[in-house]
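# Survey of secondary and tertiary structure
Each chain, letter by letter, is given below.
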Amino acid sequence: GKDDVNEAIITELEIRFDQEFFRELPELKEEIEEKDLVIRNFINKDGPNPKMAREVAGVLQKEKTSDGTRYSWIAYPYAGYRAKFNQLAEDLYEKNKTEFQSPEEVFTLFAKAALSGRLLPVARLIEKTYGKGKFRELGEKTVMKYERTD
């Protein structure tokens, strides 16, 4: 399928919102503690690293069965897109260390572009780093090709 920069960015923002802000809501306290416990058990049993487990554990579904409670996951989507986007952000950071203090700053630039529709700063960075015409090439592979002019 096509690389989709927007989906990668929006999902990354969703994961961060989930992990940072939902924790602050008292109404979700019980549910989050339960999710954390199940993630911990999952990590202890299957041994993946905790960050990866949290990436995977988008939504925890609970089902009462005759022999207890069964848990299953609905994973956060677009894992492949997100991995590719993270590589792109890392590469752009490595090649532009005078402009950015971390790959996180590159992510912020893309996130602002995705949410506002103003792609010029991203276009400039891509063209400067990879050469003329590369932003259009990226745009043709993704839905990140709609630029507002206002």
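Preceding block: the structure.
Attention in this report is confined to the structure presented alongside it.

## Remarks on the nonpolar core
- Judged by nonpolar contacts, the single largest core of 21 residues is most densely connected at Ile9, Phe85, Leu92, Val106, Phe110 and Ile126.
- If you list the elements that add at least two residues to this core, you get helix H1 (5-20), helix H4 (79-95), helix H5 (103-116), helix H6 (120-130) and helix H7 (134-141).
- Apart from the residues lying within four places of it in its own chain, the contact partners of Leu92 are Val106, Phe110, Leu125, Ile126, Thr129 and Tyr130.

## Quick look at the packing of aromatic side chains
- Enumeration over the complete set of coordinates arrives at five aromatic pairs.
- Pairing Tyr78 with Tyr81 gives two aromatic rings, centres 5.3 Å apart and planes at 15°, and the pair type is stacked.
- Owing to a relative accessible area of 25%, Tyr81 belongs among the partly exposed residues under this scheme.
- When the centroid spacing of 6.1 Å and the interplanar angle of 70° are considered together, the rings of Phe85 and Phe107 count as edge-to-face. Of the two residues, Phe85 sits in helix H4 while Phe107 sits in helix H5, which places them 22 residues apart along the sequence.
- By the ring-pair criterion, three or more aromatic residues cluster together here, those being Phe17, Phe21 and Phe22.

## Considerations on the packing of H5 against H6
- Direction vectors running N to C along H5 and H6 enclose 135°, while the axes themselves pass 8 Å from each other. Here H6 runs oblique to H5, going by the angle between their axes. On H6, the residues that touch Leu109, Phe110 and Ala113 of H5 are Pro121, Val122, Leu125 and Ile126.

## A closer look at the environment of Phe85
- When its relative accessible area of 4% is taken as the criterion, Phe85 is described as buried.
- Residues Phe85 and Phe110, 25 residues apart in the sequence, show an inter-C-alpha distance of 10.0 Å.
- Filtering out sequence-adjacent residues up to four positions away, Phe85 remains in contact with Val5, Ala8, Ile9, Phe107 and Phe110.

Analysis parameters
- Residues numbered from 1 in each chain as written.
- Predicted model: local features only at pLDDT ≥ 70, side-chain atom pairs only at ≥ 80, totals over all residues.
- Heavy atoms only, no water.
- Core = buried A, V, L, I, M, F, W, Y, C linked by side-chain atoms within 4.5 Å.
- Buried < 20%, exposed > 50% of the residue type's maximum accessible area, 1.4 Å probe, protein only.
- Helix = DSSP H or I, 4+ residues; strand = E, 2+ residues; numbered from the N terminus.
- Contact = heavy atoms within 4.5 Å.
- Phe/Tyr/Trp six-rings, centres within 6.5 Å; stacked < 30°, edge-to-face > 60°.
- Axes fitted to C-alpha atoms, helices over the stretch in contact; angles between N-to-C directions.
- Parallel < 35°, antiparallel > 145°, perpendicular 65-115°, else oblique.

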